[in-house]
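Notes for the structure review
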Amino acid sequence: MKQLKIVTHYFRTDPQFLGDYTSVEVYLDTVKLVEYGDAYHDKGRDKAQGFADAVTALVGAENINMCHEQVADYE
């Protein structure tokens, strides 16, 4: 079974608060397939989810384990 992972990176300056997300990456197993940003509200999360949905449709939902991960990036 293939592992499809959407990783959302957030900018963090304070340990108690996550800022806006800065980028979203889609991985198939350990290979990064695409990366989208959010410069000027580019809708990176929507694009990443759409890409992941397309991969799932091509490979077959029964062959994909999808997960989401959030990463806090410090300055």
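Further up the page is the structure itself.
Residues numbered from 1 in each chain as written. Predicted model: local features only at pLDDT ≥ 70, side-chain atom pairs only at ≥ 80, totals over all residues. Heavy atoms only, no water.

Attention now goes to the pattern of salt bridges. When their charged atoms lie close together, side chains carrying opposite charge are able to pair. Per the counting criterion, the structure on display carries 4 salt bridges. Across the salt bridge formed by Asp29 and Lys2, the nearest N and O atoms sit 3.3 Å from each other. A residue pair is termed long-range when its members are at least 10 positions apart, and Asp29 in the loop between β2 (21-28) and β3 (31-37) and Lys2 in strand β1 (residues 2-12) qualify at 27 residues. Overall, the relative accessible area of 32% leaves Asp29 in the partly exposed class. Accessibility expressed as a relative area gives 40% for Lys2, which makes it partly exposed. Of the charged contacts in the structure, one is a salt bridge between Glu69 and Lys5, with a shortest N-O distance of 3.4 Å. Pair noted here: Glu69 is in strand β4 (residues 64-74) and Lys5 is in strand β1, with a separation of 64 residues, a long-range link. Linked through salt bridges whose partners overlap, the residues forming this network are Glu25, Lys32 and Glu35. (Salt bridge = Lys/Arg side-chain N within 4 Å of Asp/Glu carboxyl O. Helix = DSSP H or I, 4+ residues; strand = E, 2+ residues; numbered from the N terminus. Buried < 20%, exposed > 50% of the residue type's maximum accessible area, 1.4 Å probe, protein only.)

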